[in-house]
Amino acid sequence: MTLLPRLSVLTLAIAACGDDEQPSKLFDEEGAWSVVQYDLGENIEEIDPQTREDAFMLSFDNANRVVTAASCVGLDSDGMPDAVTPEDSPCRLLPQDTAWQCRCFAYAFRDDVMQFQEFTAGSMPPRLAFDPLLDPGEVGGADSGGGSGSGGGGGDGGVTALRVIPLPDVKSTYDFRPLPAGVFGGDGVANHFIMKARATSIFEEVYMDPDGRDSCMRCVPE
């Protein structure tokens, strides 16, 4: 049964807020989120629970304002990424031929808009100041109002804005549209992913896989 109904985007006023104040947010993002549906350009598709359950996840660390995007991808005969999307990854079917790949983003979150800026795992995350002029679906400069703010650390690229939309009558499930280009194989423009809150412990597989897959380095070392 398709979870995603026809949705109208709710327009929310963005209140001014200092960098150290707690902004209003649509929901508490802390912890792990797993792709349950996706749209890679054709239609909304359900994740295959036999081969790709919890194979494409986000993990939000509110204390450090960092989000990790983790994908369990298929590898070719040379050990290079081959099947890398929720549509084609053989993650749960062929653990010996898959590996975890992660990307790290500093983020800001206000009302129903998130803004992401990529950085290298293990480096100082940029302190991202929310840019109220950057609309979802746009990419702003790393040194613009939505770029690195006080707190040090430089990002590796521009700032991507996305909108999060709740699914009516579906608990703890949100449509992220769009995620930054390349995350879960998305185009960063029209593709989007419906994600459901999961137990935080689920994400630990990314760092120490019980099936022996190559694992990810933590974005922020413990």
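Note that this is a predicted model, so its numbers are computed, not measured.

### Overview of the nonpolar core
In this structure, Leu-58, Phe-60, Met-114, Phe-116, Phe-176, Leu-179 and Phe-184 are the most contacted members of the largest nonpolar core, which totals 35 residues. Ignoring anything within four residues of it in the chain, the contact list for Phe-116 reads Phe-60, Val-67, Phe-105, Ala-106, Tyr-107, Leu-128, Gly-158, Val-159, Thr-160, Leu-162, Leu-179 and Pro-180. Counting residues in each nonpolar core, the second largest holds 8 residues, with Ala-108, Phe-130, Leu-134 and Ala-161 among its members.

### A word on the pairing of strand S6 (residues 113–119)
Among the 7 residues in S6, 6 count as buried, and that is most of the element. The pairing of strand S5 (residues 98–110) with S6 spans 7 bridges and is classified as antiparallel. Note on S6: the bridge partner recorded for Cys-104 is Phe-119. Counting the residues that bridge the hairpin from S5 to S6 gives 2 residues, and of these Asp-111 lies at a positive phi of roughly 55°. Where S6 meets strand S8 (residues 159–166), 5 bridges bridge the pair, whose relative direction is antiparallel. Its bridge partner being in S8, Val-113 is matched across the sheet by Arg-163.

### Some points on the pattern of salt bridges
Side-chain pairs of opposite charge can arise where the charged atoms are in close proximity. One pass over the full model with this rule turns up 11 salt bridges. Notably, a salt bridge pairs Arg-213 with Asp-209, separated by 2.9 Å at the nearest N-O pair. Across the pair, Asp-209 and Arg-213 agree in class, each one buried. A salt bridge links Glu-222 to Arg-218, with the nearest nitrogen and oxygen atoms 3.7 Å apart. Judged by its relative accessible area of 83%, Glu-222 is exposed. Taken together, the salt bridges that share partners define one network made up of Arg-92, Glu-205, Asp-209, Asp-211 and Arg-213.

Criteria and thresholds
- Residues numbered from 1 in each chain as written.
- Predicted model: local features only at pLDDT ≥ 70, side-chain atom pairs only at ≥ 80, totals over all residues.
- Heavy atoms only, no water.
- Core = buried A, V, L, I, M, F, W, Y, C linked by side-chain atoms within 4.5 Å.
- Buried < 20%, exposed > 50% of the residue type's maximum accessible area, 1.4 Å probe, protein only.
- Contact = heavy atoms within 4.5 Å.
- Helix = DSSP H or I, 4+ residues; strand = E, 2+ residues; numbered from the N terminus.
- Pairing = 2+ DSSP bridges.
- Salt bridge = Lys/Arg side-chain N within 4 Å of Asp/Glu carboxyl O.

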